[in-house]
Amino acid sequence: AVGLDSLLLFTAPADGEFIVALRDFRYRGGNEYSYRLTAGSIPYVESLFPFGGARGKAVEVAINGRNLDGTTKMTLDIAAKAPRSQEIRVKTPRGYSNLVPFNVSELNEITEAEPNNVLTNVQTVTAPLVINGRIGAAGDVDRFKFKSDKDQKLACHVAAGRFGSKLDALLVLTDTNGAIILQNDDAAATDARIEF
């Protein structure tokens, strides 16, 4: 589900008839309680990676979901003047999927590379940039080292929850010895933000 919207994914155990019912969670109603319900054996994207790409570049996006009939990836050619926030659909043999949020940036975009779990093998990056990554297993920590000029104002922001990720991000800024300078959990729902 996204925001307050509901989602049911169901595999019928046998041929038969089924009923889907929809109501307001608190049993309220009125003219402003409209909806659009889509149901059936339709293509549905549950996740994609990465969540965005750079303006003027092509990006290959991995796709996961239901009723995609073998569609596992797509290439997006991002226009030089593409809007920052957009929604994309995946074309499958059954037709187009649900809308999925996708971000476009003018920054350099890279993919997180393992191993980068401890201070002795951090991934060195050059800010400003966008890092597309995954917390691959329980206990995984992704670390990135960058240089900053004195008195430079820095912002680090994790965007995961708004893309449907289950990640509850904890963002920690340390010095190169691991001493914690700042940390944040849940600046915007489960997404984290640090300004320094």
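Structure's up top.
Engineer: Any chance you could break down a nonpolar patch on the surface for me, citing the residues and the numbers?
Structural biologist: A surface patch of nonpolar side chains, amounting to about 580 Å² of accessible area, comprises L8, V20, L22, Y35 and L37. Relative to the elements of secondary structure, L22 occurs in the segment before β1 (44-49).

Engineer: Tell me about the environment of L48, residues and numbers included.
Structural biologist: When you line up the elements, L48 lands in strand β1. Residues L48 and M74 lie 26 residues apart in sequence; the distance between their C-alpha atoms is 9.9 Å.

Engineer: Describe the sheet that holds β1, listing the residues and the values that go with them.
Structural biologist: Reading across from one edge, β1-β3-β4 is the order of the three strands in this open sheet, with antiparallel pairing throughout. With one partner strand each, in any of the chains shown, β1 and β4 (73-77) form the two edges of the open sheet. For this sheet the average axis-to-axis angle between neighbouring strands, irrespective of direction, equals 40°. The pairing of strand β3 (residues 58-66) with β4 spans five bridges and is classified as antiparallel. Bridge pairing in β4 links V61 to M74.

Engineer: Tell me what's going on with the environment of L107, and back it up with residues and numbers.
Structural biologist: Checked against the element boundaries, L107 lands in the loop between β8 (100-105) and β9 (108-111). For L107, a relative accessible area of 29% gives the class partly exposed. L107 sits 21 residues away from P128 along the chain, and the two C-alpha atoms are 6.8 Å apart. The residues touching L107, leaving out its near neighbours within four places in the chain, are A54, P128, L129 and V130.

Engineer: Describe the pairing of strand β14 (residues 170-174), listing the residues and the values that go with them.
Structural biologist: Side-chain alternation along β14 places L171 and L173 on a buried face and L170, V172 and T174 on a face that remains uncovered. For β14 and strand β15 (residues 180-185), the ladder comprises five bridges, and the chain directions are antiparallel. By the bridge assignment, T174 is partnered in β15 with I180. Turn length for the β14-β15 hairpin, with the two strands adjacent in sequence and antiparallel, is five residues, and the turn residue G178 shows positive phi of about 95°.

Engineer: I'd like to hear about the sheet that holds strand β5 (residues 85-88), residue by residue, with values.
Structural biologist: Adjacent strands of a sheet pair through backbone hydrogen bonds, lying either parallel or antiparallel. Reading across the sheet, the three strands line up as β2-β8-β5 and stay open at both edges, with mixed pairing between neighbours. Of all the strands in the sheet, just β2 (52-54) and β5 have a single pairing partner and so form its edges. Averaged over all pairs of adjacent strands, the angle between their axes in this sheet comes to 35°, without regard to strand direction.

The rules behind these values
- Residues numbered from 1 in each chain as written.
- Predicted model: local features only at pLDDT ≥ 70, side-chain atom pairs only at ≥ 80, totals over all residues.
- Heavy atoms only, no water.
- Patch = residues over 30% accessible without salt bridge, like charges linked within 9 Å, V, L, I, M, F, W, Y side chains within 5 Å.
- Areas by Shrake-Rupley, 256 points an atom, 1.4 Å probe, with all protein chains shown as cover.
- Salt bridge = Lys/Arg side-chain N within 4 Å of Asp/Glu carboxyl O.
- Helix = DSSP H or I, 4+ residues; strand = E, 2+ residues; numbered from the N terminus.
- Pairing = 2+ DSSP bridges.
- Axes fitted to C-alpha atoms, helices over the stretch in contact; angles between N-to-C directions.
- Buried < 20%, exposed > 50% of the residue type's maximum accessible area, 1.4 Å probe, protein only.
- Contact = heavy atoms within 4.5 Å.

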